[in-house]
Amino acid sequence: MRKTPQARSDEGMGGSSVMEAYRLVLIEVDQLETAEREIKAELEMARASRDALRQLLKDRGERSTGTTVSLAKIKDTRKSKRHHRGSLTGEVISHAKSILISEGRPLERSELLRQIVEAGVEVTASNPAKFIGRTLWESDDFIHIPREGYWLKDIDIPASDK
């Protein structure tokens, strides 16, 4: 192998030790990159298992007593719907978040509607309960738990007393 003028110059100034250090660093980088790929593959498998189990829990509406279930990272295929600040949709979402946090448990749309109206929001839709349900269903901030109601997607679900 032909050496460049720089390599010949480096050898004259201890270049062989620099080349050896470089070779060792290349080996270390290669080993670390291999380990990173393996860890990423294991992590992806663990995440897939976690998400599958969460989806199963979500679909069945089941939870273990005395524990919380985080649904924050369930992959959702629904397209996010945007709303204008101050719009009825925005008001419903804002109030629903506050109500759910205050109650500390999932609520059905009828209970959310009742409390939203009590808070002074006039829901002018032809079917207010359906409007609440559709608004929360389309929002990325909420999940629907069968037989329990709506909950905040980024907050672990409190254990059910049922």
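Use the structure listed above.
Residues numbered from 1 in each chain as written. Predicted model: local features only at pLDDT ≥ 70, side-chain atom pairs only at ≥ 80, totals over all residues. Heavy atoms only, no water.

*Asks:* I keep staring at the nonpolar core and nothing clicks. Help me out?
*Replies:* Inside soluble globular proteins, nonpolar side chains tend to come together where they are buried. Counting 22 residues, the largest nonpolar core has Leu100, Leu112, Ile116, Val123, Ile132, Leu136 and Phe142 as the members making the most contacts within it. Put simply, the parts of the chain that give this core at least two residues each are helix H3 (88-103), helix H4 (109-118), helix H5 (128-138), strand S1 (142-145) and strand S2 (149-152). Examining the composition of this core, we find that 5 residues originate from one element, H3, more than from any other. Here Ile132 is in contact with Val92, Arg109, Leu112, Leu113, Ile116 and Val123, once residues within four sequence places are set aside. (Core = buried A, V, L, I, M, F, W, Y, C linked by side-chain atoms within 4.5 Å. Buried < 20%, exposed > 50% of the residue type's maximum accessible area, 1.4 Å probe, protein only. Helix = DSSP H or I, 4+ residues; strand = E, 2+ residues; numbered from the N terminus. Contact = heavy atoms within 4.5 Å.)

*Asks:* Which parts of the structure should I look at to understand the pairing of S2?
*Replies:* In regular strands, side chains alternate between the two faces of the sheet. Two elements, S1 and S2, share 4 bridges in a ladder whose sense is antiparallel. Bridged to His144 within S2 is Tyr150. (Pairing = 2+ DSSP bridges.)

*Asks:* Mind showing me how you'd approach the environment of Ala96 here?
*Replies:* As for its placement among the helices and strands, Ala96 is situated in helix H3. On the basis of relative accessibility, which here comes to 0%, the residue Ala96 falls in the buried class. Between the alpha carbons of Ala96 and Leu107 there is a distance of 9.4 Å; along the sequence they are 11 residues apart. In this structure, Ala96 is in contact with Leu112, Ile116, Leu136 and Phe142, ignoring residues within four places of it in sequence.

*Asks:* Any chance you could explain the pattern of salt bridges here in plain terms?
*Replies:* A side chain with one charge may pair with a side chain of the opposite charge, provided their charged atoms come close. As enumerated under the stated definition, the model contains 7 salt bridges in all. Note that Glu20 is salt-bridged to Arg23, the shortest N-O span being 2.6 Å. One end of the pair, Glu20, and the other, Arg23, are both in helix H2 (residues 15-60), 3 residues apart, so they sit about a helical turn from each other. For Glu138, the salt bridge is made with Arg134, and the minimal N-O distance between the two is 3.9 Å. Within this pair, Glu138 and its partner Arg134 are both found in helix H5, separated by 4 residues, close to a single helical turn. Exposure remark for Glu138: the relative accessible area of 25% places this residue in the partly exposed category. Beyond isolated ion pairs, a larger network of salt bridges with shared partners links Glu111, Arg114 and Glu118. (Salt bridge = Lys/Arg side-chain N within 4 Å of Asp/Glu carboxyl O.)

*Asks:* What should I look at first to understand the packing of H3 against H4 in this one?
*Replies:* In helix packing, the relevant descriptors are the interaxial angle and the interaxial distance, both defined with respect to the helix axes. Between H3 and H4, whose axes approach to 10 Å, the crossing angle comes to 110°. Our classification of the angle between H3 and H4 gives roughly perpendicular. Along the contact surface, H3 presents Val92, His95, Ala96, Ile99, Leu100 and Glu103, while H4 presents Leu112, Gln115 and Ile116. When its residues are assigned to classes, the contact of H3 with H4 shows 6 nonpolar, 2 polar and 1 charged. (Axes fitted to C-alpha atoms, helices over the stretch in contact; angles between N-to-C directions. Parallel < 35°, antiparallel > 145°, perpendicular 65-115°, else oblique. Nonpolar A, V, L, I, M, F, W, Y, C, P; charged D, E, K, R; others polar.)

*Asks:* Would you take a moment to explain the packing of H3 against H5 for this structure?
*Replies:* At a minimum axis separation of 10 Å, H3 and H5 run at an interaxial angle of 80°. By the angle between their axes, H3 is roughly perpendicular relative to H5. In this structure, H3 contributes Leu88, Thr89, Val92, Ile93 and Ala96 to the contact, and H5 contributes Phe131, Ile132, Thr135 and Leu136. Grouping the constituent residues of the contact of H3 with H5 by class yields 7 nonpolar, 2 polar and no charged.

Don't take any of this as a statement about function, it's just geometry.
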